[in-house]
Amino acid sequence: MKSIHIDNQNSTILIGESYLNTRKYLPEKKCFLICDENIYAHYKSFVDEFEHIIIGCGEGIKTWSSVEKIVEELLAGGADRNSYLLGMGGGLVCDVTGFVASVFMRGLQFGFISTSLLSQVDASVGGKNGINFGKLKNMVGVFNPPQFVICDTQLLKTLPEREVRSGFGEVIKHALIKDKDLFKFLKDNQNALLNLDSELMEDLIYRAVSIKTDVVNKDPFEKGERKKLNFGHTIGHAIENNSGLTHGEAVSVGMTLATKLSEEMCGLDIEESSEVIALLRKFRLPVDHEVPAETINEFLIKDKKKNRSSIDFILLNGIGEACIKAIPIEDLKNKVHQLCESKVK
Ligand SMILES: NC(=O)c1ccc[n+]([C@@H]2O[C@H](COP(=O)([O-])OP(=O)(O)OC[C@H]3O[C@@H](n4cnc5c(N)ncnc54)[C@H](O)[C@@H]3O)[C@@H](O)[C@H]2O)c1
Ligand SMILES: [Zn+2]
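Trainee: Hey, could you run me through the packing of helix 6 (residues 161–178) against helix 11 (residues 247–266) in this one?
Mentor: What describes two packed helices is the angle between their axes and the distance between those same axes. One way to put it is that helix 6 packs onto helix 11 with a least axis distance of 7 Å and a crossing angle of 40 degrees. The pairing of helix 6 with helix 11 is recorded here as oblique in orientation. Here helix 6 runs over helix 11; the crossing is left-handed. Counting all contacts with helix 6, which are made through Arg 162, Arg 165, Ser 166, Gly 169, Glu 170, Ile 172, Lys 173 and Leu 176, the residues of helix 11 involved are His 247, Gly 248, Glu 249, Val 251 and Met 255. A per-class count over the contact of helix 6 with helix 11 returns 4 nonpolar, 4 polar and 5 charged.

Spelled out as structure tokens, the structure:
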């Protein structure tokens, strides 16, 4: 087991710890476990050991009505300011649990058992919690870190294969923005990683979390450096909202388009650009999409990362080196049109 402490958030990520040891990390408080229906189906006997609240599955549950349901159940279960919330699930359950914990009675302490690859390497690290507002993702939320996050690689064995690949999308993102060696590690170990080899997965999650932690430590409130974690997400979110793709799949398409744009705007080497796209394909992630440019552009205008007349867009100078460029919205809209017209080779 390896642990990483995020100093300025007083939050500890435990990689390779068994979820069965969770009680070691819980304070002597009344604890409510929150999970979704899938987690309950797979881990019923563990969940039943706690007072628990079960929510539905899918992005559609990241809403005010889920927050209301959880608050109602907490009140019915006798929760007070001294209670503790334990979110057990993927990014969705963690985002909703962290949000409820932040606002219920002005804030409860909370921790996560992170069960999807995407949440282990990304969603549960860094203290962002929130819910969607209509079609707008993560529009209502807070920065508030969990006390601990357990990332047990054994939990990934029940994760659907498509969700595993989706999680690799975020890992590839971490490598692309910060760590060329991690990119090579992914290239060299692709088959073993897709088969969830425990030792390699632990190593991979540790490296990915270290990258995110490093960025979050430098910039906890996303004023600068942390924006790089949004690589592939600006267009990715637009695609996610207008297609049947998962978050990681949509980010893969978003990264492909941002990589192509980097050739033109940052002089990214064409060979490196091809390597990026080849790696995404190796992890069986999509690099193309059918969403019309107009739909993407409409979404970009509403996107919360919009900064007056320009959008802070993340591009690559090279593999492992991201940069932030403020692109005027009108220019970006034209570029989206061009990118959508040219199919990825
Ligand atoms: N807070 C952040 O910093 C941050 C960062 C990235 C993504 N996110 C958010 O995370 C969400 C996506 O997270 P996700 O991909 O984990 O989605 P998810 O939580 O919906 O999980 C994906 C699916 O896998 C199932 N599942 C999860 N773990 C399982 C397991 N061990 N065994 C069997 N089934 C399991 C879930 O029930 C769900 O159906 C999005 O809402 C995104 O906005 C947040
Ligand atoms: Zn993401």
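Don't stop here, the text continues.
Trainee: Sorry if this is basic, but what is going on with the pattern of salt bridges here?
Mentor: Proximity of charged atoms lets side chains of opposite charge pair with each other. Evaluated as defined, the whole model comprises 25 salt bridges. Among the salt bridges present, the one from Lys 30 reaches Glu 51, with a minimum N-O distance of 3.3 Å. Here Glu 51 lies in strand 4 (residues 51–55) and Lys 30 lies in the loop between strand 2 (11–15) and strand 3 (31–36), a separation of 21 residues in the sequence. Judged by its relative accessible area of 37%, Lys 30 is partly exposed. Residue Glu 51 is classed as partly exposed on the basis of its relative accessible area, which comes to 38%.

Trainee: When you look at the site of ligand 1 in this model, what are you seeing that I'm missing?
Mentor: Taken together, 25 residues surround ligand 1, and among them Asp 36, Gly 91, Thr 115, Ser 116 and Thr 158 come closest. With respect to ligand 1, the side chain of Thr 115 contributes an N or O atom lying 2.7 Å from a nitrogen atom. Here Lys 128 contributes a backbone N or O atom positioned 2.9 Å from a nitrogen atom of ligand 1. Of all the secondary structure elements, the ones that give two or more residues to the shell around ligand 1 are helix 1 (37–42), helix 4 (91–103), helix 5 (117–123) and strand 8 (136–143). Tallied by class, the residues present in the shell around ligand 1 amount to 7 nonpolar, 9 polar and 9 charged.

Conventions used here
- Residues numbered from 1 in each chain as written.
- Chains lettered and ligands numbered in written order.
- Predicted model: local features only at pLDDT ≥ 70, side-chain atom pairs only at ≥ 80, totals over all residues.
- Heavy atoms only, no water.
- Axes fitted to C-alpha atoms, helices over the stretch in contact; angles between N-to-C directions.
- Helix = DSSP H or I, 4+ residues; strand = E, 2+ residues; numbered from the N terminus.
- Parallel < 35°, antiparallel > 145°, perpendicular 65-115°, else oblique.
- Left-handed = near helix turned anticlockwise from the far one by under 90°.
- Contact = heavy atoms within 4.5 Å.
- Nonpolar A, V, L, I, M, F, W, Y, C, P; charged D, E, K, R; others polar.
- Salt bridge = Lys/Arg side-chain N within 4 Å of Asp/Glu carboxyl O.
- Buried < 20%, exposed > 50% of the residue type's maximum accessible area, 1.4 Å probe, protein only.
- Near = heavy atom within 4 Å.
- Polar contact = N/O pair within 3.5 Å; in protein donor to acceptor, adjacent residues only side chain to side chain.

Honestly, that's just the spatial picture; any functional story needs more than this.
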